[in-house]
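Here is how the chains run, residue by residue.
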Amino acid sequence: DAIIVGAPHTVEAGTVLVYGFKGKSWQLQQVLKASNSAPADVFGDNIAIDGERMLVSAWLADESRGAVHVYERAEGQWVERTRLSRPGADSWQFGRAVALAGDVAVVSENGYEVHMFRRVGEQWKLEQTVRKPDPEANNTFGDTLAIDRTGTLLLIAAPSDGEGANYSGAVYVYRNEQGTWKMVA
């Protein structure tokens, strides 16, 4: 019932455009902007939606440390509820990719790490961080993320990993087993 379009390279810090079908055509219903943005944040570069919840990345926000904005739909409008970030000065490009399933949010960072958050009550808590299995491989771990509807099976793509000059790529499969994410393939 909606089309969500990220426009990360607008003159501003980026926007997200929400279109709804009305009558016989799609019409712009809402323009989302980050609550605390700066030029070149690339807000809207990566978006994940599950039901009435949406993640919007701004992976160059805060001097390239990055952030992910969490929105929820209330009375037909998307409202920003919180902002996820990785604490610490060593954070870099948090939000390069995002995935969402219910109360589980997955966020990649810097091509080396993927963070799993879980919503507990009204708070999002960092549940676990996984690092790329091969530290010598190219830094594309987490360039693309996919999570199943139950929030228990996660695919992490690393398109430049692989042997030889081809960089054939790899996909790492993680399963949540009793609250712990374990690589299973």
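Residues numbered from 1 in each chain as written. Predicted model: local features only at pLDDT ≥ 70, side-chain atom pairs only at ≥ 80, totals over all residues. Heavy atoms only, no water.

> Before we move on, can you summarise the sheet that holds strand 9 (residues 104–109) with the specific residues and values?
What the four strands build is an open sheet, ordered 8-9-10-11; its pairing is antiparallel. Both outer strands of the open sheet, strand 8 (94–101) and strand 11 (123–131), are each paired with one neighbouring strand and no more. The sheet shows a mean angle of 25 degrees between the axes of neighbouring strands, taken without regard to direction. Alignment of strand 9 against strand 10 (residues 113–120), held across six bridges, turns out to be antiparallel. Following the sheet pairing, V107 is matched in strand 10 by H115. (Pairing = 2+ DSSP bridges. Helix = DSSP H or I, 4+ residues; strand = E, 2+ residues; numbered from the N terminus. Axes fitted to C-alpha atoms, helices over the stretch in contact; angles between N-to-C directions.)

> Could you give me a rundown of the packing of aromatic side chains, with the residues and numbers involved?
Scanning all chains against the criterion turns up three aromatic pairs. Arranged with centres 5.3 Å apart and planes meeting at 70 degrees, the rings of F21 and W26 form a pair that is edge-to-face. A relative accessible area of 47% means that F21 is categorised as partly exposed. When its relative accessible area of 42% is taken as the criterion, W26 is described as partly exposed. (Phe/Tyr/Trp six-rings, centres within 6.5 Å; stacked < 30°, edge-to-face > 60°. Buried < 20%, exposed > 50% of the residue type's maximum accessible area, 1.4 Å probe, protein only.)

> Now, about the sheet that holds strand 14 (residues 170–177): what can you tell me, with residues and values included?
Strand order in the open sheet formed by four strands is 12-13-14-15, with antiparallel pairing between adjacent strands. Looking at the sheet topology across the chains shown, the edges are occupied by strand 12 (144–147) and strand 15 (180–183). Adjacent strand axes in the sheet meet at a mean angle of 25 degrees, parallel and antiparallel pairs treated alike.

> Go over the nonpolar core, please, and point to the residues and values.
In terms of nonpolar packing, the biggest core is built from 17 residues, with V106, V114, I147, L154, I156 and Y174 touching the most fellow members. Elements supplying a minimum of two residues to this core: strand 8, strand 9, strand 10, strand 12, strand 13 (153–158) and strand 14. What I147 contacts, discounting residues up to four positions off in sequence, is A99, L100, A101, V104, V106, L153, L154 and W181. (Core = buried A, V, L, I, M, F, W, Y, C linked by side-chain atoms within 4.5 Å. Contact = heavy atoms within 4.5 Å.)

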